[in-house]
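Observations on chain architecture
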Amino acid sequence: MSHRIVSAVVVLVLLLFGASGALYAVGVTPPRAERGTPDGATAPATHRSFGPGTCATCHRPAAQG
Amino acid sequence: MTLIARGIFWFGLYVFLVTLPLLAAVLAAPRGGAPSHLANAGVAAGYLALAMMALEMALVARVRAAASAFGQDALLLFHRGMGVGALVLVLLHPALLVGSGTYPAAVLGLGAGVPWAIRLGSVAALCALVLVATSLLRRRLRIHYEVWQVLHGVLAVAAVVAAAWHASRVGRLAEIPALRAVGAAYAVIFLGVFVRYRLVHPLRLLRRPWEVVSNAAEAGDARTIRLRPVGHPGFSFEPGQFAWINLGRTPFHLEQHPMSMVSGGDVPPGGEIAFTIRNLGDWSGRLVPALRPGARAWIDGPYGAFSIDRHEGPGFVLVAGGVGVTPMVSFLSTMASRGDVRPVLLVYGARSEEDLTLRGTLEALAPALALRIVYVLEHPPAGWTGETGLVDAELLLRHLPAGFQRFQFFTCGPPPLMDAMERALPLLGVPPERIHAERFDMV
């Protein structure tokens, strides 16, 4: 198989993966109104805080929980 | 299954497996991800990168069914492209999570305040970075191929294990059962490929040793070694295919080199095979010349789709550079033994007349074939009346026979020659599906 064809396939696959990542991000991000609310429905009951104040469970600053 | 159907199946399976974690996350995760698009894109980059890294070994694990659909060299090229792509995603993952304000920049360090699960992510990223850099820049960094092979294997396993550990401990998705199941499936695939590639496959080869019959010097600082199977029938192959040669004490030895068979295909059970190997480094310059008759070798093959048997046509145009002539000699040798008199034009480029490896073999085969050979020398001797310089479209046009657009074109040689042919042949009206190339000097 020619180098050019494989390179084109590589670029296409990487674009496909990039698009799937972007689609995922758009699909799972909550509406703006629901984001970052201290006691929002999407926040877990307890935060597993680590490091300088970030929650390992929900990716939010531990202080919000 | 036809070749195209097999290709679609393996390609589809790869794309499905890489995107499966995101699919599982969308279906199984409770509504509401991280609080911003950027943060979720960072999470997606991490999952995609991990899946791509875990599948990298599967691409080069010599799974014959997959290799036969694309050709092993195409899989190696794809492996390299996906490796670079995975590294970009690996670096995007923390960049997006920190850039979106989800995590403080301090988590990027390996300092005392950072939990081990996060540090392992940094370790994985570092391994991936060194892995890709040493592969793309091996020659510039002057790393021996043999050292690189070992380094590549060790760093790959370290990167995948550290990244998997990191993913299973960090983030809101880590505790979702469906994603844990996907992670476990990946671990099984990764371990399965590793065990098959590094244990089962070498064990199979251990029962199939080969023995050196002869080792002769060739022009162009090359050697032709002939081998015979010991206690097993060996294998037949399609002309132009290649095998991995391992000269270690056992097949578990990590250093292996892919080489095209130079002898003809259609090998009878117990028949000998031969390779012509040019001195290009420690292994080919030191170990290969020292091989004596009776020496043990392990041959893993045949592989590859670069063969006249797979691309039938009314005639062939073969463009070779240097030791890239070896698969062409295999084509011609097989055609001679089959009484195949379809027209063949061989354009063979070399630095000098002394570098025309296997010239005598080619000229001995010519009377039995409808073969025309055009030698092209970069540095011709005094009185040379043949072609000079580099092989390009203009030179080809001077020699191509009438109706060449329907012929099958095969090119094998140094990267500049291959690149030149991939540019020139379509301009001459040769359809892409009739242009076949083989590259193995990717690192």
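About the criteria used
- Residues numbered from 1 in each chain as written.
- Chains lettered and ligands numbered in written order.
- Predicted model: local features only at pLDDT ≥ 70, side-chain atom pairs only at ≥ 80, totals over all residues.
- Helix = DSSP H or I, 4+ residues; strand = E, 2+ residues; numbered from the N terminus.
- Rg over C-alpha atoms; globule rule 2.2 N^0.38 Å.
- Buried ≥ 20, exposed ≤ 12 C-beta atoms within 10 Å, placed from the backbone.
- Contact = placed C-beta atoms within 7 Å.
- Pairing = 2+ DSSP bridges.
- Axes fitted to C-alpha atoms, helices over the stretch in contact; angles between N-to-C directions.
- Expected span 1.5 Å × (residues − 1).
- Core = buried A, V, L, I, M, F, W, Y, C linked by C-beta atoms within 7 Å.
- pLDDT = per-residue confidence, 0-100.

Considerations on the overall build of chain B
A count of helical and extended segments in chain B gives 12 helices and 12 strands. For a compact globule of 443 residues, the expected C-alpha radius of gyration is about 22 Å, and chain B comes in at 25 Å, within 12% of that figure. Seen through its C-alpha atoms, chain B measures out along the principal axes to roughly 75 × 50 × 45 Å. When each of the 443 residues of chain B is scored for burial, the buried share is 42%. Counting contacts in chain B only where the partners sit at least 6 residues apart, residues at least 24 apart contribute 76% of the total.

Looking at the overall build of chain A
Along its length, chain A carries one helix and two strands. Starting at the N terminus and ending at the C terminus, chain A contains elements arranged as α-β-β. A total of 65 residues make up chain A; the buried ones form 28% of that total.

Quick notes on the sheet that holds strand β5 (residues 273-278) of chain B
Residue and element names in this part refer to chain B. The strand order across the open sheet built from six strands is β4-β3-β6-β1-β2-β5, with neighbouring strands paired in antiparallel fashion. Both outer strands of the open sheet, β4 (257-260) and β5, are each paired with one neighbouring strand and no more. The average undirected angle you get between the axes of adjacent strands in this sheet is 40°. In this sheet, strand β6 (residues 296-303) lies alongside strand β3 (residues 242-246) in antiparallel orientation, the contact comprising four bridges. Within β6, the position partnered with F242 by the bridge is Y303.

Concerning unusual backbone geometry
All names here are of chain B. Here the residue pair G301 and P302 is connected by a cis peptide bond, since its omega of -5° sits within 30 degrees of zero. With respect to the secondary-structure elements, P302 resides in strand β6. The backbone of D221 shows a phi angle near 55°, a positive value even though the residue is not glycine. The residue D221 is located in the loop between β1 (209-218) and β2 (222-229) in this model. With a phi close to 65°, L358 is a non-glycine residue in the positive phi region. Here L358 shows up in the loop between β8 (344-350) and α10 (359-365). Among the residues examined, L358 registers 24 C-beta atoms within 10 Å and is labelled buried.

Concerning helix α12 (residues 415-427) of chain B
Over its 13 residues, α12(B) runs 19 Å from end to end, which matches the ideal 18 Å to within 8%, given 1.5 Å per residue. Taken residue by residue, α12(B) has B:L417, B:M418, B:A420, B:M421, B:A424 and B:L425 as its buried positions. Against α1 (3-28) of chain A together with β7 (316-321), β8, α11 (393-399), β11 (408-412) and β12 (435-438) of chain B lie the buried residues of α12(B). Looking at the residues trailing α12(B), positive phi occurs at B:G429, about 95°.

A look at the pairing of β7(B)
Residue and element names in this part refer to chain B. The buried fraction of β7 amounts to six of the six residues, a majority that puts the element mostly inside the structure. Relative to β11, β7 is paired through five bridges, and the arrangement is parallel. Opposite V317, over in β11, you have F409 as the bridge partner.

Re the sheet that holds β7(B)
Residue and element names in this part refer to chain B. The parallel open sheet is built from six strands, whose spatial order is β10-β9-β8-β7-β11-β12. The sheet is open, and its two borders are formed by β10 (387-388) and β12, each paired with just one other strand. The sheet contact formed by strand β9 (residues 371-377) and β10 spans two bridges and is parallel. In the strand pairing of β10, L377 is matched with T388.

Some points on the nonpolar core
Residues and elements named next belong to chain B. Counting residues in each nonpolar core, the largest one holds 128 residues, and the members touching the most others are L48, M53, A128, A159, L318, M328 and L332. For this core, the leading source of residues is helix α2 (residues 37-59), giving 17 residues. Discounting residues that sit within four places of it in the chain, A159 has contacts with M53, A124, C127, A128 and L131.

Observations concerning the environment of B:L76
Take B:L76: it is sitting in helix α4 (residues 72-99). Residues B:L76 and B:G121, 45 residues apart in the sequence, show an inter-C-alpha distance of 26 Å.

With respect to the environment of B:A41
Residue and element names in this part refer to chain B. Within the fold, A41 resides in helix α2. Residue classification places A41 among the buried positions, given that 25 C-beta atoms sit within 10 Å. Expressed as a C-alpha distance, the spacing of A41 and A370, which sit 329 residues apart in the sequence, is 60 Å.

Focus: helix α5 (residues 116-136) of chain B
Count 3.6 residues to each turn of an α-helix, and residues three or four apart come out pointing the same way. Taking 1.5 Å of rise per residue, 21 residues should cover 30 Å, and α5(B) covers 30 Å from first to last C-alpha, within 8% of that figure. Contacts made by the buried residues of α5(B) are with α2, α4 and α6 (145-169) of chain B.

Brief notes about the confidence of the model for chain A
Any segment with low pLDDT has predicted coordinates that should not be analysed in fine detail. Residues and elements named next belong to chain A. In this model, chain A carries an average pLDDT of 65, and 45% of its residues clear a pLDDT of 70 or more. Here strand β1 (residues 49-50) stands out as the least confident element of chain A, with mean pLDDT 44; α1 is the most confident, with 88. Confidence drops under a pLDDT of 50 for residues 37-53, and excluding neighbours within four residues, the segment shows 38 contacts in the predicted structure. Between residues 61-65, whose pLDDT stays under 50, and residues either more than four places distant or in other chains, the model counts 16 contacts.

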